[in-house]
Amino acid sequence: MERKNFLRCLFFIFSAVLLLIFTVYNLQNQLANKPELLECTTNSPWCISKNRISGKKPNFLHQPTTALRHDHTAEVPHHPLDPLTIQEMNKVQKVIKSIYKDTVYSVHSLVLEEPDKKVVLKWKKGDDLPPRKASVISRAAGKSYIFTVDIETGEVVQQDTSHISGYPYVSLEDVQKVIWAPFSRSDFNRSIIARGVDPNNVACLPFSSGWFGKYEEGRRIVKLECFNTEGTANFYMRPIEGIVVIVDLDTNEVLEIVDKGKHIPIPKAAGTDYRLSAENSPIFKLPNPVSMEQPNGPNFVIEGEHLVKWANWEFHLKPDPRAGVMISRASIRDAETGEMRNVMYKGFSSELFVPYMDPEEAWYFKTYMDAGEYGFGLLSLALDPLNDCPRNAKYMDAIFAAADGTPYVRSNMICLFERYSGDAAWRHTESPIVGQEIREARPKVSLVARMVASLANYDYIIDWEFHADGLIHVKVSLTGIVIVKGTSYANMNQVNREQQLYGTLLSENIIGVVHDHYINFYLDMDIDGIENSFVNVHLQREYTNGKSPRKSYMKVNKEVAKTEKEAQIKLSLYNPSEFHVVNPNKKSKVGNPVGYKVVPAGTAASLLDPEDPPQKRSAFTNNQIWVTQYNKSEQWSGGLFAYQSHGEDTLQVWSDRDRPIENRDIVLWYTLGFHHVPCQEDYPIMPTVSSSFDLKPVNFFERNPVLRVAPYVEKELPVCKAADSA
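Residues numbered from 1 in each chain as written. Predicted model: local features only at pLDDT ≥ 70, side-chain atom pairs only at ≥ 80, totals over all residues. Heavy atoms only, no water.

Undergrad: Got a minute to help me understand unusual backbone geometry in this structure?
TA: Leaving glycine aside, a negative phi is the common case for residues, and trans is the common case for peptide bonds. Between Tyr 683 and Pro 684 the backbone carries a cis peptide bond, its omega angle lying at -5°. Although it is not a glycine, Ala 311 sits at a positive phi angle of roughly 50°. Structurally, Ala 311 can be placed in the loop between strand S11 (307–310) and strand S12 (313–320). At Asn 412, a residue that is not glycine, the phi angle is positive and equals roughly 50°. (Helix = DSSP H or I, 4+ residues; strand = E, 2+ residues; numbered from the N terminus.)

Here it is in structure tokens:
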């Protein structure tokens, strides 16, 4: 019991998800007669307390400084794409229980079954909502099930899953259960003691196994690796190298213990703790803090909890347990005509791929697909006001389902804020050539929707940033802790030149293993309508052949992709192109098709062999850009069931069908990539590194859409004093 209490405290610091799940279990026992909503008397973001509910109208947005939790129990949907409410989830939970009766089951996903796209596009504010349905992914008796539940009638439609390899993402309840499995084996405990470690100071974490053949067939398995927690909160820096415990997730049975590396010392705890309270060195602090203040409030409004309106933009924003954040129905007001024009029907992070480049037994399987294996949104905890988001941010809660279908509230999962950092939307200064000095500049203000997913050691910050000139800037930032490998080496002078470390020696007995990060984005562009085309605007060298003093110049050739294979794009620095999504049925005044272009960055490409099992499962990294014909069922680029999948339900497979995409409803996919060769500056916790891509108007507007933006004037700006924020 002493060890259990110790580890609970430890996991609260580093893996709050695990402790929060345990809290939910306790609360469920206490509230057995009140299944409608998990309640608590703590600050846990998993639940809300009735004695702290605001008496005001419920709203997902609130200031982080308030001590109140919002009562989401009375909320109702206002938009066809609004997420399921607590009341709706409770109805679905009753249906699920009636299906399984006395059979033990687990819910892995309970989300809105979105109406067909044509239904959503036809709907207008004031219309009745389309029938509300829930999509349920669950497991029972070793099988996976997909149900669609009509919330009003309770009617259930079951989908066939026999043709799908793999499993749904691991639930947090799965994680909480399996971390104790190794301690049930005496041989494991003896091995730990033989290494000079007290088992009370050991924490084991589950890592997805990937799929490499027959060994992974027929069982939903996980591989646990263990760490020494003594002397530091950063247990990731103290791996017990060489022990891998393979466990059946359904039965919690330990299938195998790989026990090697007893000669490898456990790295020391000194210097690994990153907490402010643990650092003895002087704190670096700016003498004059910097903050963006909006004493008169924000310039954006939220209608019906999820419809965001800011400047000339309007879009639907909601949390999602798998994708994290979903942006839908993004449209922008044309300054010339005053009409709202469609830009993007839906955008979200579809899948991640993080392969570690170490082929040895304890590492080869570390090829994570975090969204499909764990749930990007499920691992997004409450944001830290003032540090994750600025003071002027507003916050949005999420409502997710526990393993038995009970709804719980994830507080402050998304923040929304305006950003101004002194950049110019446009500017020009003219010298007195024209007889007068001209100096015109306009401030660049944007709106950011942000979430942070804490995927065990790594933290991913996802920003969707909207600009008044029509640009959508999508940024991914990586921080957190590099997962490390224990080694007997303490200095590089001990390493032979022929020795392969598979990484960088970061500190004594610690290797940061080389790895990649790929984030694939689903971008259903609807430029002024659903019928769009993909254009490769190829830039190539052209010769003048003596007709000019110039020998060469750059020429533009435009090619419209007819089918999906023609839109499989590998980016090349010396074979450049622009990539446009256009509406060929709508032209500007001067005859150009209106469109948007994807502006690539973060262009790291996978170097794995295409037939390598991890690469086949994450084949979306074979290209940086893809375009497919719209299909409602094709949203997750690594497959619907990514855990231990074989790679037969991926973006590559869909695209290879080579369906027509010219003047059709199409989806653009972009893969953002990072190569990461760890360095000493990444130890013990890495500074944030970022990359991004843009969706930028191209001939969409008749002229500069922010031409008439007003400049700032000193007397119109608020004057803030430090005392005002006390």
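Okay, back to it.
Undergrad: Honestly, the pattern of salt bridges in this entry has me stumped. Any pointers?
TA: Opposite charge on two side chains permits them to pair, given that their charged atoms come into close proximity. With the rule as written, the count across this model stands at 42 salt bridges. Among the ionic pairs, Asp 526 bridges to Lys 117, the shortest N-O distance being 3.0 Å. One end of the pair, Asp 526, is in the loop between strand S26 (515–525) and strand S27 (533–543); the other, Lys 117, is in helix H4 (residues 117–122), with 409 residues separating them in the sequence. Lys 117 carries the same exposure label as Asp 526, and that label is buried. The salt bridge partner of Arg 185 is Asp 187, with a shortest N-O separation of 3.0 Å. Judged by its relative accessible area of 27%, Arg 185 is partly exposed. Relative accessible area serves as the criterion here: at 29%, Asp 187 is assigned to the partly exposed category. Each member of the salt-bridge network shares a partner with another, and the members are Lys 117, Asp 524, Asp 526 and Asp 665. (Salt bridge = Lys/Arg side-chain N within 4 Å of Asp/Glu carboxyl O. Buried < 20%, exposed > 50% of the residue type's maximum accessible area, 1.4 Å probe, protein only.)

Undergrad: Would you explain the state of the cysteines in this entry?
TA: By definition, a disulfide is the covalent link that joins the sulfur atoms of two cysteine residues. Throughout the structure, instances matching the rule amount to two disulfides. Disulfide pairing is shown between Cys 389 and Cys 415; the S-S distance is 2.2 Å. Across the S-S bond linking Cys 389 and Cys 415, the dihedral sits near -85°, which makes this disulfide left-handed. Here Cys 389, found in the loop between helix H7 (370–373) and strand S16 (394–401), pairs with Cys 415, found in strand S17 (residues 407–419); they are 26 residues apart in sequence, far enough to count as distant. The buried category is assigned to Cys 389, whose relative accessible area is 2%. By relative accessible area, Cys 415 is classed as buried at 0%. Cysteine pairing in the chain follows 1-2, 3-4, where each cysteine in a disulfide is numbered by its order in the sequence. (Disulfide = S-S within 2.5 Å.)

Undergrad: Looking at this structure, how should I read the UniProt feature "active site" (unreviewed entry) in the chain?
TA: The residues that UniProt annotates with the feature "active site" (unreviewed entry) are Asp 370 and Tyr 458. The annotated residues occupy 89 residues of the chain but converge on a single region, no pair of C-alpha atoms lying more than 10.6 Å apart. Considering the arrangement of structural elements, one finds Asp 370 in helix H7. Judged by its relative accessible area of 7%, Asp 370 is buried. For Tyr 458, the location among the structural elements is in strand S21 (residues 458–467). Since its relative accessible area comes to 3%, Tyr 458 is described here as buried. Once residues lying within four places of it in the same chain are set aside, the contact partners of Tyr 458 are Tyr 356, Ala 453, Thr 479, Ile 481, Val 482, His 515, His 517, His 676 and Met 686. (UniProt positions renumbered as here; feature names shortened; annotations may be inferred. Contact = heavy atoms within 4.5 Å.)

Undergrad: For this particular structure, what's the right way to read the environment of Gly 512?
TA: Here Gly 512 lies in strand S25 (residues 510–513). The class for Gly 512 is buried, based on a relative accessible area of 0%. In this structure the C-alpha to C-alpha distance between Gly 512 and Leu 501, which are eleven residues apart in sequence, comes to 9.2 Å.

Undergrad: How should I be thinking about the nonpolar core in this particular structure?
TA: A general tendency of soluble globular proteins is for nonpolar side chains to be buried together. Judged by nonpolar contacts, the single largest core of 123 residues is most densely connected at Trp 464 and Phe 534. Setting aside residues up to four positions removed in sequence, Phe 534 forms contacts with Glu 559, Val 560, Ala 561, Ala 567, Ile 569, Phe 579, His 580, Val 581, Ile 625, Val 627, Ile 666 and Leu 668. Ranked by size, the runner-up nonpolar core spans 20 residues in total, among them Tyr 105, Ala 140, Val 149 and Ala 401. (Core = buried A, V, L, I, M, F, W, Y, C linked by side-chain atoms within 4.5 Å.)

Undergrad: I tried to follow the sheet that holds strand S23 (residues 484–486) on my own but got confused; where do I start?
TA: Pairing between sheet strands relies on hydrogen bonds along the backbone, with the strands arranged either parallel or antiparallel. The sheet built from three strands is open, its strands ordered S23-S25-S24 with antiparallel pairing. Unpaired on one side and paired on the other, S23 and strand S24 (503–507) mark the two borders of the sheet. Mean inter-strand twist for the sheet, computed between neighbouring axes without regard to direction, equals 40°. Both S23 and S25 contribute to a ladder of three bridges, which runs antiparallel. Its bridge partner being in S25, Lys 485 is matched across the sheet by Ile 511. (Pairing = 2+ DSSP bridges. Axes fitted to C-alpha atoms, helices over the stretch in contact; angles between N-to-C directions.)

Undergrad: I tried to follow helix H6 (residues 186–194) on my own but got confused; where do I start?
TA: An α-helix turns once per 3.6 residues; consequently, residues spaced three or four apart project the same way. Turning to H6, its buried residues number three or more, namely Phe 188, Asn 189, Ser 191 and Ile 192. Down the axis of H6, the sector holding all buried residues measures 160°, keeping them to one side. Set apart from the buried face of H6 by more than 90 degrees, the exposed residues are Arg 190, Ile 193 and Ala 194. Residues of H6 that are buried in the fold lie against strand S6 (202–208), strand S7 (221–228), strand S8 (243–248) and strand S9 (254–259). Among the residues trailing H6, Gly 196 stands out with phi positive, at a value near 80°. (Arc of directions from axis to C-beta.)

Undergrad: Is there a simple way to think about the sheet that holds S9 in this case?
TA: Across the sheet, which stays open at both edges, the four strands sit in the order S6-S7-S8-S9 with antiparallel pairing between neighbours. Only two strands of the sheet have a single partner each, and these edge strands are S6 and S9. Adjacent strand axes in the sheet meet at a mean angle of 25°, parallel and antiparallel pairs treated alike. Sheet analysis places S7 next to S8, joined by four bridges and oriented antiparallel. Residue pairing for S8: Val 222 is matched across the bridge by Val 247. Contacts from H6 reach S6, S7, S8 and S9, with the element oriented near 160° to S8.

Undergrad: Looking at this model, I keep getting lost on the packing of aromatic side chains. Mind explaining?
TA: For any two aromatic rings, the description comes down to two numbers: the centre-to-centre distance and the angle of the planes. Tallying each qualifying case throughout the model produces 31 aromatic pairs. The interplanar angle of 90° and the centroid separation of 5.5 Å between the aromatic rings of Phe 183 and Phe 188 together place this pair among those described as edge-to-face. With a relative accessible area of 0%, Phe 188 lands in the buried category. Relative to Trp 636, the ring of Phe 348 has its centre 5.2 Å away and its plane inclined at 55°; by these criteria the two rings are tilted. On the criterion of sequence distance, the pair formed by Phe 348 in strand S14 (residues 340–355) and Trp 636 in the loop between strand S31 (625–629) and helix H9 (651–655) is long-range, its members being 288 residues apart. You'll find Phe 348 and Trp 636 in the same group, each marked buried. Grouped by ring-pair contacts, the aromatic residues Phe 348, Tyr 522, Trp 636, Trp 654 and Trp 669 constitute a single cluster. Between Lys 366 and the ring centre of Phe 207, over which it is positioned, the NZ or CZ distance is 5.2 Å. Residue placement shows Lys 366 over the ring face of Trp 363; its charged tip is 3.4 Å from the ring centre. (Phe/Tyr/Trp six-rings, centres within 6.5 Å; stacked < 30°, edge-to-face > 60°. Lys NZ or Arg CZ within 6 Å of the ring centre and 35° of its normal.)

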